[in-house]
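The lines below spell out each chain.
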Amino acid sequence: MTKIYLVRHAEAEGNVFRRFHGWFNGQLTPRGLEQVEYLRKRFADIPVDAVYASDLMRTCQTAQSIYVPKNLPLHRDARFRERCVGIWEDLPYGYLDNYHGERMKQFSRDPVHWWVPGAETFEACTSRFLEGLKEIAGENPGKTVAVFSHGSVIQAVLMELFFQRDPKAVPLSDNTGVSLLHYENGSFSYEYLGDNSHLPEELSTFALQAWWRKTDNRKEANLYFVPLDAETALPEELSIPQGEWVMLGILRGKPVGAVATLAPQGKLGIVSGITLLPQMEGRYYADQLLGCAISHFRHLGCTQIRLLEGTYPDGVDQRYWFDADRTCTIPTGTV
């Protein structure tokens, strides 16, 4: 019998910036790196013979929890990528919730039939994943392996293997959630699915989102963005930062925040300010505004981003990858 630990990656940009990242190649957040450390502790005394991951940055970073302390090579395999979402790649969840709401509901409630141009079908993503999983199991009889992958494709594969394609039977796993599968005589079984018991509650991505997950009201959680327009009615309490490119964060049809940037200096993108209505603080809306700016600069070919001096809501300038000069490197987002 082969043991297979199937692990979802730690918290990544798309999870907190609330943007669709299928094959988009975002990195882990600082909280995601903390989750990796707890995953390392979970597996410290569990023998693992081989480690595999999708070739995307967020899974390879998460896989360090096992392959580095156990001095194993990391086998990167594109067959374990997330489901490609085609023209939805890097779009804000809020935009899709508001303008393609029925299709968004279908993605969660009926992933078997969901599709948009350029995306993978359910059959395509589960087939290539299961091909890789069976190959690994066959090459490691009697051994224990870990496979690092992504939330939606893991859910789809478990639906395909064990639950007659019923999404209600397989909730989406939390970041770093672990499933233990067994492979013997050509078939799979499972011991447990999506276990995140190694994480303290303050590091669980799902626990931090509990305020909206309890009602499943995504429109309360996800901003969409529109350019600042002279005709837009703005709340008196919302100050607008100065910049050459200014976007408003919209919630329930009303502006609740803004992000402004300056023209790039070569490969360096500059954020001149982020603002948020005071009553909106504490729910990671500032993170989505930062994510909007990062996405903007990526599409302009920037590889670094700098925040100008100032006060940023929710301390967002302290919670990401910025150094003492408020500058950080951003991956390109392409594979």
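Keep in mind the model is a prediction, meaning the values are calculated, not measured. (Residues numbered from 1 in each chain as written. Predicted model: local features only at pLDDT ≥ 70, side-chain atom pairs only at ≥ 80, totals over all residues. Heavy atoms only, no water.)

### A closer look at the sheet that holds strand S9 (residues 254-265)
Piece 1. Strand order in the open sheet formed by 6 strands is S7-S8-S9-S10-S11-S12, and the pairing between neighbours is mixed. Edge strands, defined here as strands with exactly one partner in the open sheet, are strand S7 (224-227) and strand S12 (327-329). Here the strands of the sheet are splayed against their neighbours by 30° on average, with no regard to which way each runs.
Piece 2. Sheet topology note: the S9/strand S10 (residues 268-276) ladder contains 7 bridges and is antiparallel. Pairing of glycine 257 across the sheet is with leucine 276, part of S10. (Pairing = 2+ DSSP bridges. Helix = DSSP H or I, 4+ residues; strand = E, 2+ residues; numbered from the N terminus. Axes fitted to C-alpha atoms, helices over the stretch in contact; angles between N-to-C directions.)

### Brief notes about the UniProt feature "binding site: substrate" (unreviewed entry) in the protein chain
Piece 1. Following the UniProt record, one finds the feature "binding site: substrate" (unreviewed entry) at Arg8, His9, Ala10, Glu11, Ala12, Glu13, Gly14, Asn15 and Arg58. The named residues occupy 51 residues along the chain; their greatest pairwise C-alpha distance, 14.3 Å, places them in one compact cluster.
Piece 2. Assignment of secondary structure puts glutamate 11 in the loop between strand S1 (2-8) and helix H1 (13-17).
Piece 3. The class of glutamate 11 is buried, set by a relative accessible area of 1%.
Piece 4. Residues within four places of glutamate 11 in sequence aside, it is in contact with Val16, Leu28, Thr29, Arg31, Gly32, Gln35, Asn175 and Thr205. (UniProt positions renumbered as here; feature names shortened; annotations may be inferred. Buried < 20%, exposed > 50% of the residue type's maximum accessible area, 1.4 Å probe, protein only. Contact = heavy atoms within 4.5 Å.)

### Quick notes on the nonpolar core
Piece 1. The biggest cluster of nonpolar side chains holds 32 residues, and the ones touching the most others in it are Val259, Val271, Ile274, Leu290, Ile305 and Tyr320.
Piece 2. Elements with a minimum of two residues in this core: H1, strand S8 (245-251), S9, S10, helix H10 (285-299) and strand S11 (304-307).
Piece 3. At 8 residues, H10 tops the list of elements feeding residues into this core.
Piece 4. What isoleucine 305 contacts, discounting residues up to four positions off in sequence, is Leu268, Gly269, Val271, Ile294, Phe297, Phe322, Arg326, Thr327, Cys328 and Ile330.
Piece 5. If you look at the next biggest cluster of nonpolar residues, it comprises 27 residues, including Phe129, Ile136, Phe163 and Tyr183. (Core = buried A, V, L, I, M, F, W, Y, C linked by side-chain atoms within 4.5 Å.)

### A word on the environment of proline 47
Piece 1. Take proline 47: it is sitting in the loop between helix H2 (30-43) and strand S2 (50-53).
Piece 2. Exposure remark for proline 47: the relative accessible area of 63% places this residue in the exposed category.
Piece 3. Taking the C-alpha atoms as reference points, proline 47 and lysine 70, separated by 23 residues in sequence, lie 8.6 Å from one another.

### Details of the sheet that holds S2
Piece 1. The strand order S3-S2-S4-S1-S5-S6 describes an open sheet built from 6 strands, whose pairing is mixed. Strands with a single pairing partner mark the edges of an open sheet, and in this sheet they are strand S3 (74-76) and strand S6 (187-195). Looking at each pair of strands side by side, their axes are set apart by 20° on average, direction ignored.
Piece 2. Pairing analysis gives 4 bridges linking S2 to strand S4 (residues 144-149), with the strands arranged parallel. Bridge pairing links tyrosine 52 to valine 147 in S4.
Piece 3. Across the face of the sheet, H2 comes into contact with S1, S4, strand S5 (178-184) and S6 while running at roughly 45° to S5.

### Re the UniProt feature "active site" (unreviewed entry) in the protein chain
Piece 1. When the UniProt feature table is mapped onto this chain numbering, "active site" (unreviewed entry) sits at His9 and Glu82. A maximum C-alpha distance of 10.4 Å places the annotated residues, which cover 74 residues in sequence, within one compact spot.
Piece 2. Relative to the assigned elements, histidine 9 resides in the loop between S1 and H1.
Piece 3. Relative accessible area serves as the criterion here: at 4%, histidine 9 is assigned to the buried category.
Piece 4. In this fold, glutamate 82 is placed in the loop between S3 and helix H4 (93-99).
Piece 5. Look at glutamate 82 and you get buried, because its relative accessible area is 9%.
Piece 6. In this structure glutamate 82 touches His21, Gly22, Trp23, Arg58, Glu120, Arg128, His150, Gly151, Ser152 and Val153, once residues within four positions along its chain are discounted.

### Concerning the packing of H2 against helix H3 (residues 57-67)
Piece 1. Relative to each other, H2 and H3 sit at 30°, their axes nearing to 8 Å. With respect to their mutual orientation, H2 and H3 come out roughly parallel. Remark: the crossing between H2 and H3 carries right-handed chirality. In this structure, H2 uses Val36, Leu39, Arg40 and Phe43 to contact H3, whose residues at the interface are Gln61, Thr62, Ser65 and Ile66. (Parallel < 35°, antiparallel > 145°, perpendicular 65-115°, else oblique. Left-handed = near helix turned anticlockwise from the far one by under 90°.)

### Examining H3
Piece 1. Buried residues dominate H3, accounting for 9 of its 11 residues.
Piece 2. At its buried positions, H3 is contacted by S1, H2, S2, S3 and S4.

### What to know about the pairing of S1
Piece 1. Most of S1 is tucked away: 6 of the 7 residues are buried.
Piece 2. The sheet contact formed by S1 and S4 spans 6 bridges and is parallel. For arginine 8, the partnering residue across the bridge sits in S4 and is serine 149.

### Notes on the packing of helix H6 (residues 122-139) against helix H7 (residues 151-162)
Piece 1. Taken N-terminus to C-terminus, the directions of H6 and H7 make an angle of 85°; their axes are 9 Å apart at the nearest point. Here H6 lies roughly perpendicular to H7, going by the angle between them. Each of Phe122, Cys125, Thr126, Arg128, Phe129 and Leu130 in H6 lies in contact with H7, whose residues at this interface are Val153, Ala156, Val157, Met159, Glu160 and Leu161.
Piece 2. Counted by class, the contact of H6 with H7 contains 9 nonpolar, 1 polar and 2 charged residues. (Nonpolar A, V, L, I, M, F, W, Y, C, P; charged D, E, K, R; others polar.)

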